[in-house]
Amino acid sequence: MSDDPLPTPSPNPASDRTTARTAAVIPAAGRGVRLGPGAPKALRTLGGTPMLVHAVRAMADSRAVSLVVVVAPPDGAAEVKSLLDTHALPERTDVLVVPGGESRQESVKLGLDALPPGYDIVLVHDAARPLVPVDTVDAVIEAVRDGAPAVVPVLPLSDTVKQVEPAAAPGGPEPVVATPDRSLLRAVQTPQGFDRATLEHAHATVTGNVTDDAGMVEQLGTTVVAVPGHEEAFKVTRPLDLVLAEAVLARRRLNDGF
Ligand SMILES: Nc1ccn([C@@H]2O[C@H](COP(=O)(O)OP(=O)(O)OP(=O)(O)O)[C@@H](O)[C@H]2O)c(=O)n1
Ligand SMILES: C[C@](O)(CO)[C@H](O)COP(=O)(O)O
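These numbers come from a predicted model, not from an experiment.

**Thoughts on unusual backbone geometry**
With omega at 10°, the peptide bond leading from Thr 190 into Pro 191 counts as cis. Tracing the chain through its elements places Pro 191 in the loop between strand S10 (186–188) and strand S11 (192–195).

**Points about the site of ligand 1**
Residues in contact with ligand 1 amount to 22 residues; listed here are only the nearest, Pro 27, Ala 29, Gly 30, Arg 34 and Ser 107. Per-class residue counts for the shell around ligand 1 are eight nonpolar, seven polar and seven charged.

**Things to note about the UniProt feature "site: Positions MEP for the nucleophilic attack" (unreviewed entry) in the chain**
Using the residue numbers shown here, the UniProt feature "site: Positions MEP for the nucleophilic attack" (unreviewed entry) corresponds to Arg 182 and Lys 235. With residues near it in sequence (within four places) discarded, Arg 182 still touches Leu 157, Thr 160 and Val 161. Using a count of 16 C-beta atoms within 10 Å as the deciding quantity, one classes Lys 235 as partly exposed. When sequence neighbours within four positions are dropped, the list of residues in contact with Lys 235 reads Asp 126, Ala 128, Arg 129 and Asp 241.

**Notes on the site of ligand 2**
Ligand 2 sits among Arg 104, Asp 126, Val 188, Gln 189, Thr 190, Thr 211, Asp 212, Lys 235 and Thr 237. Of the residues contributing to the shell around ligand 2, the split by class is one nonpolar, four polar and four charged.

**Concerning the UniProt feature "site: Transition state stabilizer" (unreviewed entry) in the chain**
UniProt records the feature "site: Transition state stabilizer" (unreviewed entry) at Arg 34 and Lys 41, using the numbering of this structure. Residues contacting Arg 34, with those up to four places away along its chain left out, are Thr 237 and Arg 238. Here Lys 41 is to be found in the loop between strand S1 (21–27) and strand S2 (45–46). Of the residues examined, Lys 41 has 25 C-beta atoms within 10 Å and is grouped as buried. Leave out the neighbours within four places in its chain, and Lys 41 touches Gly 30, Arg 31, Gly 32, Leu 35, Met 51 and Ala 128.

**Examining helix H6 (residues 196–205)**
Residues of H6 that are buried include every one of Arg 196, Thr 198, Leu 199, His 201, Ala 202 and His 203, and no others. In the core, the buried residues of H6 are packed alongside helix H4 (104–113), strand S6 (119–124), strand S7 (150–156), S11 and helix H7 (213–219).

**Focus on the packing of H4 against H6**
Two numbers describe how H4 lies on H6: the axes approach to 11 Å, and their chain directions differ by 130°. Overall, the two elements H4 and H6 adopt an arrangement that is oblique. Crossing hand, H4 versus H6: left-handed. Here Val 108, Lys 109 and Leu 112 of H4 lie close against H6, whose contacting residues are Leu 199, Glu 200 and His 203. Along the lines of polarity and charge, the residues of the contact of H4 with H6 split into three nonpolar, one polar and two charged.

Parameters at a glance
Residues numbered from 1 in each chain as written. Chains lettered and ligands numbered in written order. Predicted model: local features only at pLDDT ≥ 70, side-chain atom pairs only at ≥ 80, totals over all residues. Helix = DSSP H or I, 4+ residues; strand = E, 2+ residues; numbered from the N terminus. Near = placed C-beta within 6 Å. Nonpolar A, V, L, I, M, F, W, Y, C, P; charged D, E, K, R; others polar. UniProt positions renumbered as here; feature names shortened; annotations may be inferred. Contact = placed C-beta atoms within 7 Å. Buried ≥ 20, exposed ≤ 12 C-beta atoms within 10 Å, placed from the backbone. Axes fitted to C-alpha atoms, helices over the stretch in contact; angles between N-to-C directions. Parallel < 35°, antiparallel > 145°, perpendicular 65-115°, else oblique. Left-handed = near helix turned anticlockwise from the far one by under 90°.

Here's what the structure looks like:
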């Protein structure tokens, strides 16, 4: 963490948050290196539709979300804007597109900087989690409205987890040093939901590589709470995840009758 030049703000009172407007920031500027060569990950298709469009619709499906800020690949904001213009979204949802940065953290910060006043609850949602169900989005918003300054959707782990030390040589065996109690561990998803002042303060203050936004808020000593996530909110990271995502989407379309 850097020297803190700014006082930690008090989160907006929970009473004000019951009626607060909600915006979603979608970091979509990643390359998708682990997915393999091709277009930037957010622009690759799922059921014929770009992953990013699925993610924007997933946020817009929540009646509470009235603005979505998409953080596009740094040189791709114009392309992303015209892509979104050609896909139907609910009329009640405004969409802004801004160019992203070198890291996820930087991209989220650029999205936050573009947020107009008047949105006091902010969701941050990976474009790479295109299939999050609306009930999960609403549960996160509800928990922020109920007074939590930061909320993460989580799942219990299904594998036993080992803590290791680095291998003596690259690719060599890694000594196991501990087996943490898995009943107290959770895998963290998005959307993560925040009182806006809390999230902006974290992004203005915390430096170093933090892999999620709630982790930055934790570093300020602010309480983060977990609510149940959903197995369909998984992140498309590696090629097998794309296979799973196509299957989930096909099942949904079958269930919806088209
Ligand atoms: N400079 C970056 C890096 C990541 N992201 C976004 O952060 C989310 C989660 O990141 P991840 O799944 O790790 O995506 P990539 O960084 O694209 O993946 P990889 O590490 O495999 O390249 C994605 O929606 C991604 O587009 C971003 O907006 N800006
Ligand atoms: C934010 C996140 O999706 C929560 O699980 C995750 O930390 C992103 O990490 P990545 O390394 O950028 O995939």
